[in-house]
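Overview (structure and organization)
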Amino acid sequence: KEGDLAKRHSALVCTEALGQVAREIKMDETLEVIDTEMRRQTHVLANAMEALLGALYMDQGFDAAYDLIEKLWDELIDTFTTPPQDSKSTLQEVVQKQGEPLPQYEIIGREGEEHAPIFEVKVTTMGQSATGKGPSRKGAEQSAAEEMLKKLK
């Protein structure tokens, strides 16, 4: 199904997947950055992986980039025999089945150091709210959606 394919695609190109592949090829050990701790951060590794693939594509063409992607993502692709379902998508489906408006997410707090923030997000839907924390806005939204799903059960 097209929807299942889109979910698989999103999971394979998200920051976490790119960072995982970068770690598997030891990019975190070879990446040169001013702050050595930065090279271990998932979003930095994901950006570096995107840059590597883009450079390979520009220099060697589509076939070379495709071959590398196929090789590096082979094991990761096999983990998605069924489409992944994240908490935000599940919450949205639950809410839409009830004919309610989409959940609203709001950042209500941020703490921690600049290079390692912790976000707090509130989700509101169906007359209820829940909060969640995470190392990114997206992660905090997922956490809040997960808490809301627990409330709605």
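Residues numbered from 1 in each chain as written. Predicted model: local features only at pLDDT ≥ 70, side-chain atom pairs only at ≥ 80, totals over all residues. Heavy atoms only, no water.

**Here's the deal with the nonpolar core**
In this structure, V21, M27, M49, W73 and L76 are the most contacted members of the largest nonpolar core, which totals 19 residues. Considering each element in turn, this core owes the most residues, six residues, to helix α4 (residues 42–60). If near-sequence neighbours (up to four positions away) are discounted, V21 is found in contact with M49, L72, W73 and L76. (Core = buried A, V, L, I, M, F, W, Y, C linked by side-chain atoms within 4.5 Å. Buried < 20%, exposed > 50% of the residue type's maximum accessible area, 1.4 Å probe, protein only. Helix = DSSP H or I, 4+ residues; strand = E, 2+ residues; numbered from the N terminus. Contact = heavy atoms within 4.5 Å.)

**Digging into the pattern of salt bridges**
Scanning all chains against the criterion turns up six salt bridges. For E93, the salt bridge is made with K7, and the minimal N-O distance between the two is 3.7 Å. Of this pair, E93 sits in helix α7 (residues 87–97) while K7 sits in helix α1 (residues 2–13), and the two are 86 residues apart along the sequence. On the accessibility criterion, K7 (27% relative accessible area) is partly exposed. The closest approach of N and O atoms between E147 and K150, which form a salt bridge, is 3.2 Å. Residue E147 and its partner K150 are located together in helix α8 (residues 137–152), separated by three residues, close to a single helical turn. Put simply, K88, R137 and E141 are held in one network by salt bridges that share partners. (Salt bridge = Lys/Arg side-chain N within 4 Å of Asp/Glu carboxyl O.)

**A few points about the side chain of E141**
Among the structural elements, E141 can be located in helix α8. On the accessibility criterion, E141 (7% relative accessible area) is buried. Excluding its chain neighbours within four sequence positions, the residues that come into contact with E141 are K88, Y105 and V121.

**Looking at the environment of K26**
Here K26 shows up in the loop between α2 (15–24) and α3 (27–30). Judged by its relative accessible area of 44%, K26 falls in the partly exposed class. Measuring from C-alpha to C-alpha, the distance between K26 and L45 comes to 10.0 Å, with 19 residues separating the pair along the chain.

**A word on the packing of α1 against α2**
Their axes nearest at 4 Å, the elements α1 and α2 cross at an angle of 50°. Classified by the interaxial angle, the pair formed by α1 and α2 is oblique. Here α1 contributes A11, L12 and V13 to the contact with α2, which in turn contributes T15, A17 and L18. (Axes fitted to C-alpha atoms, helices over the stretch in contact; angles between N-to-C directions. Parallel < 35°, antiparallel > 145°, perpendicular 65-115°, else oblique.)

**What to know about the sheet that holds strand β3 (residues 128–134)**
Spatially, three strands are ordered β1-β2-β3 in an open sheet, and the strand pairing comes out antiparallel. Each edge of the open sheet carries a strand with a single partner, namely β1 (104–113) and β3. Geometrically, the sheet is characterised by an average inter-axis angle of 15° between neighbouring strands, direction not taken into account. Direction of pairing for β1 relative to strand β2 (residues 116–125): antiparallel, over a ladder of nine bridges. Across the sheet, residue G109 finds its bridge partner in β2, namely E120. Packing against the sheet, α8 makes contact with β1, β2 and β3, and its axis sits at approximately 140° to β3. (Pairing = 2+ DSSP bridges.)

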